[in-house]
Amino acid sequence: MAQPLVTTEPVKSAPRPPGRRGLPALIWRERSAYVFLMPGMVIFSVFTLAALIFAVYLTFHRWSIIEPDKPFVGLTNYRDMIHDERFVESVLNTVYFSGASVPLSMATGLLLALLLNLPLRLRGLFRAAFYLPVITPFVVSAILWKWLYNGDYGLFNYYLLQAHLIDEPLLWLSDKNLAMPAVVLMSVWAGAGFSMVVYLAGLQAIPRELYEAARIDGAGPWQRLRYVTIPSLRPTTLFLLVMGIISSLQVFTQIFVMTNGGPVNKTTTMVYYMYLWAFKYFDMGYASTLAFALFLMLLVFTALQLRLARRGSAV
């Protein structure tokens, strides 16, 4: 039997990556792309990268903006932060605020989304009304709620007194036991609309066939919600959870406008405490150290949530 002819062709070698000499030529060939990227790169380098490097530099100095002497102190700022009782209290207050406001905002948004996903009359009007607090300037919302909480002429005390639910006006923002819950309630009102819109998008992305199959199998409304809607909204819930925690750990505006960190530091959060050291005590070095502590806290929380999400999707 004749053997088939075997032709040997030279094997083409894989293209080599550009070396030191080839890299400038490659950059020059794609120079038009770099010209368009240059404005963004300059802005990022000046206002983000350089600012980050300078912030790290500040953490090793006692950097007062009103004193000419800015001595190098090494790790003193970090050591002082660890032993700072007010900083520890601000961390606990921030965790308290996040642990209360984020779940309540998400639950309220989900409830509103489920209701406004039904074929109701004036559904678009209700959606716009519930989303309106999200686009309202936060300072305006905080001032409005500060009036509502006022102990003398606030509407909350007025209606509670009229309903005979309380015997005397409550000092919402001056009581150490009511100040943080009052701020949480205002934040839920301001943020539930965003959760509602995101959940609405998630609900409308769920295939109708899943509900039809569940209905054929005899599943009622509660079973369809539990076994179809909630599992299908898992990516949406993860997104809202990550964004909500990142936002809540940086809470500042409502604290600054409504309580100024009081009473007795019960509403002093990490960002507000950072603001005090930067613009009241004028110590930018220690304020930068607090900022990196907040960054580390955000990084840990976000990484933990993403890890749990991957583990849950793998099960």
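This text gives an overview of the structure that appears in the document. (Residues numbered from 1 in each chain as written. Predicted model: local features only at pLDDT ≥ 70, side-chain atom pairs only at ≥ 80, totals over all residues. Heavy atoms only, no water.)

**Considerations on the overall build of the protein**
Defined as follows: Elements are defined by DSSP. Helices are runs of H or I of four residues or more, strands are runs of E of two residues or more, and each kind is numbered from the N terminus. Accessible area is worked out with a 1.4 Å probe on protein chains only. A residue is then buried under 20% of its type maximum, exposed over 50%, and partly exposed in between. By definition in these notes, contact holds between two residues if any of their heavy atoms fall within 4.5 Å. With residues, only the protein chains shown are counted as cover, and all accessible areas are computed by Shrake-Rupley using a 1.4 Å probe.
Of the regular secondary structure elements, the protein holds 14 helices and zero strands. In the protein, the succession of α and β elements from N to C terminus is α-α-α-α-α-α-α-α-α-α-α-α-α-α. For the protein, the C-alpha atoms occupy an extent of roughly 110 × 75 × 35 Å along the three principal directions. The buried share among the 315 residues of the protein stands at 34%. For the protein, the proportion of contacts with a sequence separation of at least 24, taken over those separated by at least 6, is 64%. Accessible surface, the protein: about 20,900 Å² in total, of which carbon and sulfur atoms supply 68%.

**Focus on unusual backbone geometry**
Note the cis peptide between Gly-262 and Pro-263, where omega equals -5°. In this structure, Pro-263 sits in the loop between helix H12 (253-259) and helix H13 (270-279). Although it is not a glycine, Leu-122 sits at a positive phi angle of roughly 60°. Mapping Leu-122 onto the fold places it in the loop between helix H4 (85-116) and helix H5 (123-135). For Phe-282, which is not glycine, the phi dihedral falls at a positive 60°. Tracing the backbone through its elements, the reader meets Phe-282 in the loop between H13 and helix H14 (284-314).

**Describing a nonpolar patch on the surface**
The criterion, for reference: Patch membership needs two things, relative accessible area over 30% and no salt bridge, and members are linked within 9 Å if like-charged or within 5 Å if nonpolar (Val, Leu, Ile, Met, Phe, Trp, Tyr). We define a salt bridge as a side-chain nitrogen of Lys or Arg found within 4 Å of a carboxyl oxygen belonging to Asp or Glu.
On the surface, a nonpolar cluster with roughly 950 Å² of combined accessible area is contributed by Leu-23, Ile-27, Tyr-34, Leu-37, Met-38, Met-41, Val-42, Ile-43, Val-46 and Phe-47. Put simply, the parts of the chain that give the nonpolar patch at least two residues each are helix H1 (22-29) and helix H2 (31-58). The element that contributes the greatest number of residues to the nonpolar patch is H2, accounting for eight residues. If you trace the backbone, Met-38 turns up in helix H2.

**Description of the environment of Val-242**
Structurally, Val-242 can be placed in helix H11 (residues 234-248). With a relative accessible area of 11%, Val-242 lands in the buried category. Spatially, the C-alpha atoms of Val-242 and Gln-305 are 7.0 Å apart, while their sequence positions differ by 63 residues. Those residues in contact with Val-242 that lie beyond four places of it in its chain are Thr-302 and Gln-305.

Keep in mind these values describe shape, not function.
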